[in-house]
Amino acid sequence: NVLEELPYREGEYAFVLNYTTLECTHHSIVENIGADLSSLDYAKQMKEERHGSFIYNEDGQDIYITFDMTAMGIVAVAVPVSSYTGRLLPVKSALILTSLISLVILIIVTGFIIRLTIRPLHRINDSLHEISQGRADLTKRIKITSKDEIGEVAQNFNNFMEKQQELIAGIQ
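Parameters at a glance
Residues numbered from 1 in each chain as written. Predicted model: local features only at pLDDT ≥ 70, side-chain atom pairs only at ≥ 80, totals over all residues. Heavy atoms only, no water. Patch = residues over 30% accessible without salt bridge, like charges linked within 9 Å, V, L, I, M, F, W, Y side chains within 5 Å. Areas by Shrake-Rupley, 256 points an atom, 1.4 Å probe, with all protein chains shown as cover. Salt bridge = Lys/Arg side-chain N within 4 Å of Asp/Glu carboxyl O. Helix = DSSP H or I, 4+ residues; strand = E, 2+ residues; numbered from the N terminus. Phe/Tyr/Trp six-rings, centres within 6.5 Å; stacked < 30°, edge-to-face > 60°. Buried < 20%, exposed > 50% of the residue type's maximum accessible area, 1.4 Å probe, protein only. Lys NZ or Arg CZ within 6 Å of the ring centre and 35° of its normal. Pairing = 2+ DSSP bridges. Arc of directions from axis to C-beta. Contact = heavy atoms within 4.5 Å. Axes fitted to C-alpha atoms, helices over the stretch in contact; angles between N-to-C directions. Parallel < 35°, antiparallel > 145°, perpendicular 65-115°, else oblique. Left-handed = near helix turned anticlockwise from the far one by under 90°. Nonpolar A, V, L, I, M, F, W, Y, C, P; charged D, E, K, R; others polar.

S.K.: When you look at a nonpolar patch on the surface in this model, what are you seeing that I'm missing?
M.R.: A contiguous nonpolar surface patch, about 670 Å² in accessible area, is contributed by Leu97, Ile101, Ile105, Val109, Phe112, Ile113 and Leu116. Structurally, phenylalanine 112 is set in helix H3 (residues 81-132).

S.K.: Please clarify how the packing of aromatic side chains should be interpreted in this entry.
M.R.: Aromatic ring pairs are defined here through the distance separating the ring centres and the angle between the ring planes. In total, this model carries four aromatic pairs according to the counting rule given. Taken together, a centroid distance of 5.6 Å and an interplanar angle of 70 degrees make the contact between phenylalanine 54 and phenylalanine 67 edge-to-face. In this pair, phenylalanine 54 is assigned in strand S3 (residues 51-58) and phenylalanine 67 in strand S4 (residues 61-69), connecting sequence segments 13 residues apart. Residue classification places phenylalanine 67 among the buried residues on the basis of a relative accessible area of 4%. Its end group placed over the ring of tyrosine 19, lysine 47 keeps NZ or CZ at 5.5 Å from the ring centre.

S.K.: Got a minute to help me understand the pairing of strand S5 (residues 74-80) in this structure?
M.R.: Looking along a regular strand, one sees side chains alternate from face to face of the sheet. The buried fraction of S5 is high, at five of seven residues. Relative to S5, strand S1 (residues 13-17) runs antiparallel, the two being bridged by five bridges. From the neighbouring strand, tyrosine 13 faces S5, where its bridge partner is alanine 78. Strand direction decides the pairing type here: S4 and S5, joined by seven bridges, are antiparallel. In the sheet register, aspartate 68 faces S5, and the bridge partner there is valine 75. Taken together, S4 and the strand that follows it, S5, pair antiparallel across an intervening segment of four residues, in which glycine 73 is found at a positive phi of about 135 degrees.

S.K.: Is there a simple way to think about helix H2 (residues 41-49) in this case?
M.R.: Residues of H2 that are buried include every one of Tyr42, Ala43 and Met46, and no others. Buried residues of H2, seen end-on, are gathered within an arc of 105 degrees and therefore sit on one face of the element. Those residues of H2 that are exposed and angled more than 90 degrees off the buried face are Asp41 and Glu48. Tucked inside the fold, the buried residues of H2 contact S1, S3, S4 and S5.

S.K.: Mind showing me how you'd approach the sheet that holds S5 here?
M.R.: One key point about sheets: their strands pair by backbone hydrogen bonds, in either a parallel or an antiparallel sense. Here we have five strands laid out as an open sheet, ordered S2-S1-S5-S4-S3, and antiparallel in their pairing. Unpaired on one side and paired on the other, strand S2 (24-27) and S3 mark the two borders of the sheet. Taking the axes of each pair of neighbouring strands and ignoring which way they run, one obtains an average angle of 25 degrees across the sheet. Relative to the sheet, H3 contacts S3, S4 and S5, its axis offset from that of S5 by approximately 60 degrees.

S.K.: Mind showing me how you'd approach the packing of H3 against helix H4 (residues 149-171) here?
M.R.: Each pair of packed helices can be summarised by the angle the axes make with each other and by the distance between the axes. Between H3 and H4, the shortest axis-to-axis distance is 10 Å and the interhelical angle comes to 20 degrees. By the angle class used here, H3 and H4 are roughly parallel. The interaxial crossing formed by H3 with H4 has left-handed handedness. For the pair formed by H3 and H4, the contact residues are Thr117, Pro120, Leu121, Ile124, Ser127, Leu128 and Ile131 on the first element and Ile150, Val153, Ala154, Phe157, Phe160 and Met161 on the second. Looking at the contact of H3 with H4, its residues break down into eleven nonpolar, two polar and no charged.

Structural data, given as structure tokens:
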């Protein structure tokens, strides 16, 4: 019995069913060889579907079973759901922790980028506010730190201030 020699964890097993009779022809647990499974719903489902996987309940325990129709019959492997969910818990925890760390990093980087973007707009806004209040120093210029759209706005503001300064100097 080849199935008997394969390594299994607790509760896991493999078996082969005769397609016609649903009798167990091979099983990793020798005592189950020859068992008639024709009255069990999961055996009937395997015969009907021929290949696939599903979860069924056996003695209060959920069992994940995957199977395929072969020349030998229906070859199936059964694993208690608790067996693999327990093994996946550390992976799930690592994924959650990694996701949270990534989220924090993303929030910090996004905040930094927003701050870099907003700072020049605040300077332009402050200068326009001073002009609107009549307290403008026409010699002031905004320091241009970028060549993007915000830098262009700052450059245009500086050009405007220079023209205003020239206009006022020409009037005086």
